[in-house]
Amino acid sequence: QVQLEESGGGLVQPGGSLRLSCVASGNIFSSYTMNWYRQAPGKQRELVATITQGSQILVAESVRDRFAISRDNSKNTVYLQMNNLKPEDTAVYYCHTKPYLTDYWGQGTQVTVSS
């Protein structure tokens, strides 16, 4: 069983920045591939960024020049740094991992980009 808890969302003006954090339970976090997804109202959930156990990174093309994913295995934490935010980035952002073929999701954190 893996528990994930996101934080760091909020209301930000266009052009602003936020850093999301996701803390995972367990003592083998370093072996997990970690993902950030987002879901905007009326849209399907989409993969935003992935970081593997070896810190290989994949970021969706739509946000590649603005978002960055990183991890701190000593803190069981994965981060999503979001810069130059746009209104279309408004969504609930979810942390996800899938060790042993089982999906685990956090509760999500709301990001709203609006002036």
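Quick look at the structure, then. (Residues numbered from 1 in each chain as written. Predicted model: local features only at pLDDT ≥ 70, side-chain atom pairs only at ≥ 80, totals over all residues. Heavy atoms only, no water.)

### Description of the environment of V59
Next up, step 1: Tracing the backbone shows V59 in strand 6 (residues 57-59).
Next up, step 2: Each C-alpha atom of the pair V59 and E88 lies 17 Å from the other, and the pair is 29 residues apart in sequence.
Next up, step 3: When near neighbours in sequence (up to four residues on either side) are disregarded, V59 contacts V48, A49, R64, F67 and I69. (Helix = DSSP H or I, 4+ residues; strand = E, 2+ residues; numbered from the N terminus. Contact = heavy atoms within 4.5 Å.)

### Here we look at the nonpolar core
A general trend in soluble globular proteins is that nonpolar side chains are found buried together.
Next up, step 1: Counting residues in hydrophobic clusters, the biggest one holds 29 residues, and the most contacted among them are M34, W36, F67, V78, L80, M82 and Y93.
Next up, step 2: For this core, the elements supplying multiple residues, two or more each, are strand 3 (18-24), strand 4 (34-39), strand 5 (46-51), strand 7 (67-72), strand 8 (77-82), strand 9 (91-97) and strand 11 (109-113).
Next up, step 3: Residue contributions to this core peak at four residues, all from strand 3. (Core = buried A, V, L, I, M, F, W, Y, C linked by side-chain atoms within 4.5 Å. Buried < 20%, exposed > 50% of the residue type's maximum accessible area, 1.4 Å probe, protein only.)

### Some remarks on the pairing of strand 5
Next up, step 1: Sheet topology note: the strand 4/strand 5 ladder contains five bridges and is antiparallel. Looking across to strand 5, one finds that R38 is bridged to E46.
Next up, step 2: A loop of five residues connects strand 5 with strand 6, the two strands running antiparallel in sequence, and S55 in this loop sits at a positive phi of about 65°. (Pairing = 2+ DSSP bridges.)

### So, the environment of E61
Next up, step 1: Mapped onto the elements of the fold, E61 is located in the loop between strand 6 and strand 7.
Next up, step 2: When the C-alpha positions of E61 and V48 are compared, they lie 8.7 Å apart, and in sequence the two are 13 residues distant.

### Quick word on unusual backbone geometry
Next up, step 1: Even without being a glycine, N84 presents a positive backbone phi close to 50°.
Next up, step 2: As for its position among the elements, N84 is in the loop between strand 8 and strand 9.
Next up, step 3: In the Ramachandran plot, Y100 falls in the positive-phi region, its phi being about 55° despite a non-glycine side chain.
Next up, step 4: In this fold, Y100 is placed in the loop between strand 9 and strand 10 (104-105).
Next up, step 5: Judged by its relative accessible area of 67%, Y100 is exposed.

### Quick notes on the pattern of salt bridges
Next up, step 1: On inspection of all chains with the given rule, the structure shows three salt bridges.
Next up, step 2: Here E46 makes a salt bridge to R38, at a shortest N to O gap of 2.6 Å.
Next up, step 3: Judged by its relative accessible area of 35%, E46 falls in the partly exposed class.
Next up, step 4: A residue is classified by how much of its surface remains accessible, and R38, at 8% relative accessible area, is buried.
Next up, step 5: Connected through shared salt-bridge partners, R38, E46, R66 and D89 make up one network. (Salt bridge = Lys/Arg side-chain N within 4 Å of Asp/Glu carboxyl O.)

Functional significance is not addressed by these values, which are geometric in nature.
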